[in-house]
Amino acid sequence: MKYQSTRGAAKTVSASEAILYGLAEDGGLYVPEQFPAVSPEMLLAWSSLSYPALAAKIMALYLSDFSEEELQDICTKAYGDRFDNTQIAPLVALKKNEQILELFHGPTLAFKDMALQILPYLLTASMKKQQESKKVLILVATSGDTGKAAMEGFADVENTAIHVFYPHGGVSPAQELQMRCQKGKNIALHAVKGNFDDTQTGVKRIFSDVDFAKEIDAEGYRFSSANSMNFGRLLPQIVYYFSAYFQAVHAGAIQMGDVLNFVVPTGNFGNILSGYYAKQMGLPVGRLICASNRNNVLTDFFADGIYDRKRTFYQTSSPSMDILVSSNLERLLYEISQRDTAQVASWMEELNHAGKYQLSPAQRETVLKDFAAGYADDEQVKQTIAKVWNENNMLLDTHSAVAQCVLDHYIENSHDETATVLVSTASPYKFAADVLAAIAPEKLQKIDSSDPFAVTDLLEEATHIPVPEGIESLRKANVAKENVIERDEMKKAVLASVQQWKQQS
Ligand SMILES: *Cc1c(COP(=O)(O)O)cnc(C)c1O
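Below is a summary of the structure that appears in this document. (Residues numbered from 1 in each chain as written. Predicted model: local features only at pLDDT ≥ 70, side-chain atom pairs only at ≥ 80, totals over all residues. Heavy atoms only, no water.)

Turning next to the overall build of the protein. For the protein, the helix and strand inventory stands at 23 helices and 16 strands. Relative to its length of 505 residues, the protein is compact, with a C-alpha radius of gyration of 21 Å against a globular reference of 23 Å. Based on the C-alpha atoms only, the size of the protein along its principal axes is roughly 60 × 55 × 50 Å. Split by element, the accessible area of the protein, about 19,700 Å² in all, is 47% carbon and sulfur. Both charge centroids of the protein, one from 46 positive and one from 62 negative side chains, sit 4 Å from each other. (Helix = DSSP H or I, 4+ residues; strand = E, 2+ residues; numbered from the N terminus. Rg over C-alpha atoms; globule rule 2.2 N^0.38 Å. Areas by Shrake-Rupley, 256 points an atom, 1.4 Å probe, with all protein chains shown as cover. Lys, Arg positive; Asp, Glu negative; His and termini not counted. Charge placed at Lys NZ, Arg CZ, Asp CG, Glu CD.)

In this section: the site of the ligand. The environment of the ligand is formed by 15 residues, the closest being Lys112, Asp145, Gly267, Asn268 and Thr425. Taking Asn268, its main chain carries an N or O atom lying 2.7 Å from an oxygen atom of the ligand. A distance of 2.8 Å separates a nitrogen atom of the ligand from a polar side-chain atom of Thr425. For the ligand, the accessible surface in isolation is 380 Å², of which the surrounding protein chains cover 97%. The residue inventory of the shell around the ligand, partitioned by class, reads 5 nonpolar, 8 polar and 2 charged. (Near = heavy atom within 4 Å. Polar contact = N/O pair within 3.5 Å; in protein donor to acceptor, adjacent residues only side chain to side chain. Nonpolar A, V, L, I, M, F, W, Y, C, P; charged D, E, K, R; others polar.)

A separate point is the packing of aromatic side chains. Enumeration over the complete set of coordinates arrives at 22 aromatic pairs. Seen from their ring centres, Tyr245 and Phe246 are 6.3 Å apart, and the 85° between their planes marks the pair as edge-to-face. Look at Tyr245 and you get buried, because its relative accessible area is 0%. You can call Phe246 buried: its relative accessible area is 3%. Between Lys129 and the ring centre of Phe66, over which it is positioned, the NZ or CZ distance is 4.4 Å. Lying over the aromatic face of Tyr314, Arg294 brings its terminal NZ or CZ to 3.5 Å of the ring centre. (Phe/Tyr/Trp six-rings, centres within 6.5 Å; stacked < 30°, edge-to-face > 60°. Buried < 20%, exposed > 50% of the residue type's maximum accessible area, 1.4 Å probe, protein only. Lys NZ or Arg CZ within 6 Å of the ring centre and 35° of its normal.)

An order of S4-S5-S15-S10-S11-S14 is seen for the 6 strands of this open sheet, with the pairing classed as mixed. Strand pairing shows two members of the sheet lacking a second neighbour, strand S4 (91-95) and strand S14 (371-375), which therefore form its edges. Across this sheet, the average inter-strand angle for adjacent strands is 25°, counted without regard to direction. Bridge count between strand S5 (residues 98-102) and strand S15 (residues 420-424): 5 bridges; the pairing is parallel. Directly across from Glu102, in S15, lies its bridge partner Ser424. (Pairing = 2+ DSSP bridges. Axes fitted to C-alpha atoms, helices over the stretch in contact; angles between N-to-C directions.)

Turning our attention to helix H15 (residues 341-353). Taking 1.5 Å of rise per residue, the 13 residues of H15 would be expected to cover 18 Å, and the 18 Å separating its terminal C-alpha atoms lies within 8% of that figure. Those residues of H15 not exposed but buried are Thr341, Val344, Trp347, Met348 and Leu351. Looking down the long axis of H15, one finds its buried residues gathered within 120° of arc, a one-sided arrangement. Seen from the open side of H15, the exposed residues pointing more than 90 degrees away from its buried face are Ala342 and His353. Contacts made by the buried residues of H15 are with strand S1 (2-5), strand S12 (306-308), helix H14 (329-336), strand S13 (356-358) and helix H16 (361-370). (Expected span 1.5 Å × (residues − 1). Arc of directions from axis to C-beta. Contact = heavy atoms within 4.5 Å.)

Its identity as a non-glycine residue notwithstanding, Ile88 has a phi of 70°, on the positive side. The topology assignment puts Ile88 in the loop between helix H4 (68-78) and S4.

Let us look at helix H23 (residues 490-504). Here H23 contains 15 residues, and its C-alpha end-to-end distance of 21 Å stays within 8% of the 21 Å for a straight helix at 1.5 Å per residue. Among all positions in H23, only Met490, Ala493, Val494, Leu495, Ser497, Val498 and Trp501 are buried.

With that out of the way, let us pick up the sheet that holds S1. An order of S2-S1-S3 is seen for the 3 strands of this open sheet, with the pairing classed as antiparallel. In this open sheet, the two edge strands, each paired with only one partner strand, are strand S2 (13-14) and strand S3 (30-32). Direction of pairing for S1 relative to S3: antiparallel, over a ladder of 3 bridges. Within S3, the position partnered with Gln4 by the bridge is Val31.

Glancing now at the packing of helix H3 (residues 51-62) against helix H11 (residues 231-250). It is the contact of H3 with H11, at a shortest axis distance of 9 Å, that shows an interaxial angle of 130°. By the angle between their axes, H3 is oblique relative to H11. Crossing of H3 against H11: the hand is right-handed. Taking contact as the criterion, the partners of Tyr51, Leu54, Ala55, Ile58, Met59 and Tyr62 in H3 are, on H11, Phe231, Leu235, Pro236, Ile238, Val239, Tyr240, Phe242, Ser243 and Phe246. Residues belonging to the contact of H3 with H11 are distributed by class as follows: 14 nonpolar, 1 polar and no charged. (Parallel < 35°, antiparallel > 145°, perpendicular 65-115°, else oblique. Left-handed = near helix turned anticlockwise from the far one by under 90°.)

With that settled, consider the nonpolar core. In terms of nonpolar packing, the biggest core is built from 110 residues, with Met59, Tyr79, Phe242, Phe262 and Phe269 touching the most fellow members. With 12 residues, the single largest contributor to this core is H11. Look past the residues within four positions of Tyr79 in its chain and what remains in contact with it is Tyr51, Pro52, Ala55, Met59, Ile88, Met114, Ile118 and Pro236. If you look at the next biggest cluster of nonpolar residues, it comprises 41 residues, including Ile100, Ala291, Val388 and Cys405. (Core = buried A, V, L, I, M, F, W, Y, C linked by side-chain atoms within 4.5 Å.)

Take the pairing of strand S6 (residues 135-141) next. Across the 7 residues of S6, 6 count as buried, placing the element largely inside the fold. In terms of strand pairing, S6 meets strand S9 (residues 221-225) through 5 bridges, oriented parallel. The residue bridging Ile138 from the neighbouring strand is Ser224, located in S9. Where S6 and strand S7 (residues 160-167) come together, 6 bridges link them in parallel fashion. Counted as the bridge partner of Val140 is Val164 from S7.

Attention shifts here to the environment of Asp113. Along the polypeptide, Asp113 turns up in helix H5 (residues 112-116). Residue class for Asp113 comes out buried when judged on its relative accessible area of 0%. For Asp113, the contacting residues outside a window of four places in its chain are Phe83, Gly106, Pro107, Thr108 and Ala149.

See the structure below:
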């Protein structure tokens, strides 16, 4: 399997090159030349595999320069005891016709672990295959969860280093604490004055700065990305759509061959795109329901075919979805334009200069065969968390609650009775203050604001759900001081950390 750029002006590469480079040299994203087809017989054979074994089967179809044994070994290491549930991504029944796929059992309590626990293995193996002589420097712009998950995955991994940027004041207290407590000799962390899009734009600029790449090269490093633009991030996410489907069959929620809908809390469009890829391979997926918060640029896109990023940016209670430029949508555009790379390049050019682009009516029709979309504001999120807690005794985090609220509206409007999986992306303890405000607001009044764990303890008191280890362990950890920089200081910060790592080694 080869990979080409969505914008068509970069050379075709192998899987290990796509993973190593992260982004294509024309600024596009690497996409597989075709989707491997999965037959009903294969589905049946796969349905009884363990999570790591299933992951190895699926990844082998895409990573043709990896051997199946190599992938089995990698998947067994990645999806093992760093997860606090042996199913890795368990499916739990919520009510008739609805199951919850819990993707927060990894070390950082958010779905990013599903890919970032395995990416370091895929990347270091790719470096060997490409005989890479430089060390790889991973640059990350994070809205909160990717940063910690990437640091956790890459900490002290040989021949790699990682520099994470997050928007100053734009992530939850637990997310910030998790990042500032991360240990590792090859790690740097900065808060940037601005929002997530400013931070992501800053990182993209560094990636496309040829002169700066030469400077870094002279220091013995090359850049790569662990953001969801890297195909190595998307691929592992395809696996849990298959796993969810098989678990729904085993639970009797559907019969093998029936279609299943998924509702996905969406920001950068990476998670839901993996579901679309699973569908392209032949998994019986009905609609993929794209759930947004008040930053509802995608809801509008699916409603009228116009992507318009020129709008107010809101900070919401679901910060990992506070995004106006969803990078992975470019990979969907590639498919719906029938792989017309010139068309994709010109849309991206329009987005860059005019801030918007528009699909043709026919293209819009095509998209709506696979997708539906909606959004929920913070008040609706709060009500949804309370309702699900009271009626179903299930505690949703703010992101998952966005999806639940959007699903309720979708069913009300469409009368679609297809069984649905809600893709739950974070532990409620990661967003404890907002979750507590929804289910027991009176408790918030007696809070000791000097104690970062006061909310955690109150949430445990209110729900009797045990605090996960990923939060518990932070109580004793050392918190690094916050490094805040201006947007135009990101390059300088990268150079400084490279020089520091060089001195250490
Ligand atoms: C990253 C994240 C999302 C958004 O996922 P995308 O792949 O960027 O669409 C949703 N919820 C949580 C908790 C996340 O960390």
